[in-house]
Amino acid sequence: MQNALPFDISNIIPYVIREKGFTMSKITRRSFVKKAAVMGAALSAYPTVFVPKAQASWARKTRIHPNVDNLRVAGITDPSMTRAVETNIDWLRQEELVAAPIVWENMDKLACGLVETRNVEQAWRTIFVKPPRKPWSEAVVAIKTNHIAQQHTRSAVMSKVCHVMTDIVGVKPSNIHIYDGCHGGDITDDTPFKDLPEGTRIENRWGGINTSTTVPRPWEDGEGKSKCIEHLVKDSVDILVNISMCKGHSRTYGGFTMTMKNHFGTFSPSPGHGSQPLEYLLSLNQTREVLGAMDKKTGTVIYPRQQLCIVDALWASKSGPGGNPSHQPNFIAMGVTSPVLDYVVATRFRKAKMGWSINMDAAGRFLTEFGYRESDLSNGGKIMEV
């Protein structure tokens, strides 16, 4: 006979046993169905009784980007990317000094270096992975910029990424959203990016950081929740591009802020100033909102959301995060794995090249909390200069 209950009773067996103290020897079919019917009526009236299933936890050291060496970092230093050396200047003056065509050309070289090809279009098409069951014309791209304080993404870097999306990959300009959910209230006024494809959307705070989501270990042992940009929590974004600055910061975070901490503007920064600040930073960069959809059984990424990370260090700072830039390195770095990019740039560029101190205990966790050791990194853990 067909089950008369309007739901599958097998789904609530564990609840009945746990909550009512039953053992299997005490349960008859008649008593179970009777109690299940009562529970079903209650659940129909109060659907919020069900707690959403916990997110899959990313399996450390598993591949995130399917097409690119996850452990490679490409970088380029080229004084011709700017027309003169001037430090401690504001964003508008930096814009006047940037040689955009050379920046674009060098970013093509970086893409080719990451993919190990000489074909520019092939390189970019390899880096950006089409979302499943969607044409490129329907893909939605979010670009996280850093808008705190005085240092911001240069137009040449931002416009290059946007034009790659529209001119090479085939994304509609209106489907590209530039945001900083925390400090981005005045992006349109403060940094009116030049040469973007017509229709590209500068979203400022993009509705703000207002949607709760679970955050995995190590923060609060995987039991914590934080707020995030709604568009990422609700999966309306297919591709996430992370463009950061290269500035100093608290030694709690390693003594620097780059792509990982840039997501203190995708997620609420508040827990990052609480009792487990570094753990929070490490954890939010392992969420599905950043990494992408994951297989619940294996913890592997099914489709990568964050597909490219960039450190814009045309100008950079020893200290920070506030203030105008103290140095002008004319340097840009790229990678597809945020903690690897940050660790390599911190150790090989900020520390070894620029002579700036970093907290190696904290920086080391950028690798270990993702399952890596320095010996795992490509090119001996060095930046692959192109």
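If you're wondering where the values come from, they're calculated on a predicted model, not measured in any experiment.

Engineer: Can you lay out the overall build of the chain for me, pointing to particular residues and giving the numbers?
Structural biologist: Scanning the chain from N- to C-terminus turns up 12 helices and 14 strands. Looking at the 386 residues of the chain, the share that counts as buried comes to 56%. Of the contacts formed within the chain by residues at least 6 apart in sequence, a portion of 71% connects residues at least 24 apart. Counting every atom, the chain has about 17,000 Å² of accessible surface; 51% of that belongs to carbon and sulfur.

Engineer: Tell me about the pattern of salt bridges, and name the residues and values.
Structural biologist: Any two side chains of opposite charge can pair, given that their charged atoms come close. Under the definition given, this model contains 19 salt bridges. Across the pair Lys109 and Glu105 runs a salt bridge whose closest N-O atoms are separated by 3.9 Å. In this pair, Lys109 and Glu105 are both assigned in helix α4 (residues 100-115), four residues apart and thus about one turn of the helix distant. Lys109 sits in the partly exposed class, given a relative accessible area of 37%.

Engineer: Can you lay out the nonpolar core for me, pointing to particular residues and giving the numbers?
Structural biologist: With 57 residues, the main nonpolar core has Trp58, Val340, Val345 and Phe366 as its most contacted residues. Residue assignment for this core shows that the elements contributing at least two residues are β6 (225-229), α8 (230-233), α9 (277-284), α10 (288-291), β12 (306-313), β13 (331-335), α11 (338-351) and α12 (360-368). By residue number, the principal contributor to this core is α11, which donates seven residues. Setting aside anything within four residues of it in sequence, one finds Val345 in contact with Val73, Met258, Phe331, Ala333 and Arg350.

Engineer: Give a description of the confidence of the model for the chain that names residues and reports values.
Structural biologist: In the predicted model, the chain carries a mean pLDDT of 89, and 86% of its residues have values of at least 70. Across residues 1-53 the pLDDT falls below 50, and counting only partners more than four positions away or on other chains, this stretch makes 28 contacts in the model.

Engineer: Outline α4, listing residues and values.
Structural biologist: Three- or four-residue spacings in an α-helix give side chains the same orientation, since the helix completes a turn every 3.6 residues. Over its 16 residues, α4 runs 23 Å from end to end, which matches the ideal 22 Å to within 8%, given 1.5 Å per residue. Residues Val103, Asn106, Met107, Asp108, Leu110, Ala111, Cys112, Gly113, Leu114 and Val115 constitute the buried set of α4. Elements that come into contact with the buried residues of α4 comprise β1 (74-77), α5 (120-127), α6 (155-169), β12, β13 and β14 (384-385). With its phi angle positive at about 65°, Glu116 sits one or two positions after the end of α4.

Engineer: Please give an account of the sheet that holds β14 that cites residues and values.
Structural biologist: Pairing is mixed across the open sheet formed by eight strands, whose spatial order is β4-β3-β2-β7-β12-β13-β1-β14. For this open sheet the edge positions go to β4 (201-202) and β14, each flanked by a neighbour on one side alone. Relative to β13, β12 is paired through five bridges, and the arrangement is antiparallel. If you follow Asp312 over to β13, its bridge partner there is Ile332.

Engineer: Explain the packing of aromatic side chains residue by residue, including any values.
Structural biologist: In the structure shown here, the tally under the stated rule is nine aromatic pairs. An angle of 50° between the planes, with centres 5.7 Å apart, marks the rings of Trp58 and Phe370 as tilted. Taken together, the residues span a long stretch of sequence, with Trp58 in the loop between α2 (29-45) and β1 and Phe370 in the loop between α12 and β14 at a distance of 312 residues. Among the aromatic side chains, those forming a connected cluster through ring pairs are Trp219, Tyr253, Phe264 and Tyr280. The ring of Tyr253 is capped by Lys261, whose NZ or CZ atom sits 5.1 Å from the centre of that ring.

The rules behind the values
- Residues numbered from 1 in each chain as written.
- Predicted model: local features only at pLDDT ≥ 70, side-chain atom pairs only at ≥ 80, totals over all residues.
- Heavy atoms only, no water.
- Helix = DSSP H or I, 4+ residues; strand = E, 2+ residues; numbered from the N terminus.
- Buried < 20%, exposed > 50% of the residue type's maximum accessible area, 1.4 Å probe, protein only.
- Contact = heavy atoms within 4.5 Å.
- Areas by Shrake-Rupley, 256 points an atom, 1.4 Å probe, with all protein chains shown as cover.
- Salt bridge = Lys/Arg side-chain N within 4 Å of Asp/Glu carboxyl O.
- Core = buried A, V, L, I, M, F, W, Y, C linked by side-chain atoms within 4.5 Å.
- pLDDT = per-residue confidence, 0-100.
- Expected span 1.5 Å × (residues − 1).
- Pairing = 2+ DSSP bridges.
- Phe/Tyr/Trp six-rings, centres within 6.5 Å; stacked < 30°, edge-to-face > 60°.
- Lys NZ or Arg CZ within 6 Å of the ring centre and 35° of its normal.

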